[in-house]
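Structure assessment
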Amino acid sequence: MIYTVTLNPALDYVVQTPHFKTGQINRNTSEHIYFGGKGINVSCILKELGVESTAVGFIAGFTGKALRDGLSAMQIRTDLVEVSEGMTRINVKVRSADDETEINGMGPVITDADLRILTERLKKAGPGDTLVISGSIPSCLSSRTYEEILEEIEPGVRLVVDAEKGLLLNILRFRPFLIKPNSIELGQMFDTILNTKEEIITYARKLQELGARNVLVSMAAEGALLLDENGDVHEQRAARGTVVNSVGAGDSMVAGFLAGFLETGSYDHALKLGTACGGATAFHSGLASKEQIDEIMEIL
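Described in the following lines is the structure provided in the data block. From a predicted model like this one, the values you see are computed outputs, not experimental measurements.

The rules behind these values
Residues numbered from 1 in each chain as written. Predicted model: local features only at pLDDT ≥ 70, side-chain atom pairs only at ≥ 80, totals over all residues. Heavy atoms only, no water. Helix = DSSP H or I, 4+ residues; strand = E, 2+ residues; numbered from the N terminus. Buried < 20%, exposed > 50% of the residue type's maximum accessible area, 1.4 Å probe, protein only. Pairing = 2+ DSSP bridges. Axes fitted to C-alpha atoms, helices over the stretch in contact; angles between N-to-C directions. Contact = heavy atoms within 4.5 Å.

Look at Asp-191: it is not a glycine, yet its phi comes out positive at around 55°. Mapped onto the elements, Asp-191 comes out in the loop between α6 (183–189) and α7 (197–209). With a phi angle near 55°, Ala-220 is a residue other than glycine that sits in the positive phi range. The topology assignment puts Ala-220 in the loop between β11 (214–218) and β12 (224–227). Taking relative accessible area as the criterion, Ala-220 reaches 68% and is therefore assigned exposed.

This is how it looks when you write it as structure tokens:
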């Protein structure tokens, strides 16, 4: 089983308006509600690819119930911990011809007792299972929350991590199977700017030296690069298209890579499918469908 962890999921309310102006009424030309959060995005793409997963995280209030019911309607298995204070956040994303504006909610209050319940549920994962940890840690929890969870997890669980800078660096001692920084995030981890592919490879190897087994680096229009645990470098060009949505593209890449690897054991196939999933999401509003992913796979 694949378990995806989203500590602070959301309902993403995405609206389109011709020209957004502050201080006055703006009328939408379209509106959609998506079930958001990096781990949930991974579960959604895995479902499109025919791979089962269990989405784990915290919910609260009427928005939390809406998120849980929505995922259930999509036939995505969940094991969500309902907490008593606050509500699952609503993130408002306003897109116009001029720019994009976001207002992100706070999310519920998560107690130590709530965290213990979630950790106990994750402890059912064993050898052969995969645990995907994605995104930031809510401000009401310790910055060591991911480490505290992983200290309780069976060492044989395949670990996939998609988090920024300090959160990712602190998890490397658990020897994750896969980490996925983008090229900018990779540079930020070492307080530098990476300008060439050779520099990206050099610093990706540093992450392997710190404990990562496979390092997948997304490079936007330049495609993606994988340093596998055997020391080999794999490259995949990006599909050409117009980017209309960057939200969830990285999560889609993680899901595609994981599905491809579990299906074939081939790093090349996993990298290609991951790149196709990321591109398909980037070229469409919302997360990619199986049909959209297949279209990209045919041209890569």
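Backbone hydrogen bonds hold the strands of a sheet together, and the pairing may be parallel or antiparallel. Taken in spatial order, the four strands of this open sheet run β3-β2-β6-β7, and their pairing is mixed. On the outer flanks of this sheet lie β3 (30–36) and β7 (100–103), each paired with one strand and no other. Sheet twist, expressed as the average angle between the axes of neighbouring strands with direction ignored, equals 20°. Pairing of strand β6 (residues 89–95) with β7 involves four bridges; the strand directions are antiparallel. Its bridge partner lying in β7, Val-92 is registered against Ile-103. Contacts between helix α2 (residues 61–73) and the sheet are confined to β2 (10–16), β3 and β6, with β3 contributing the most and set at about 85° to the helix.

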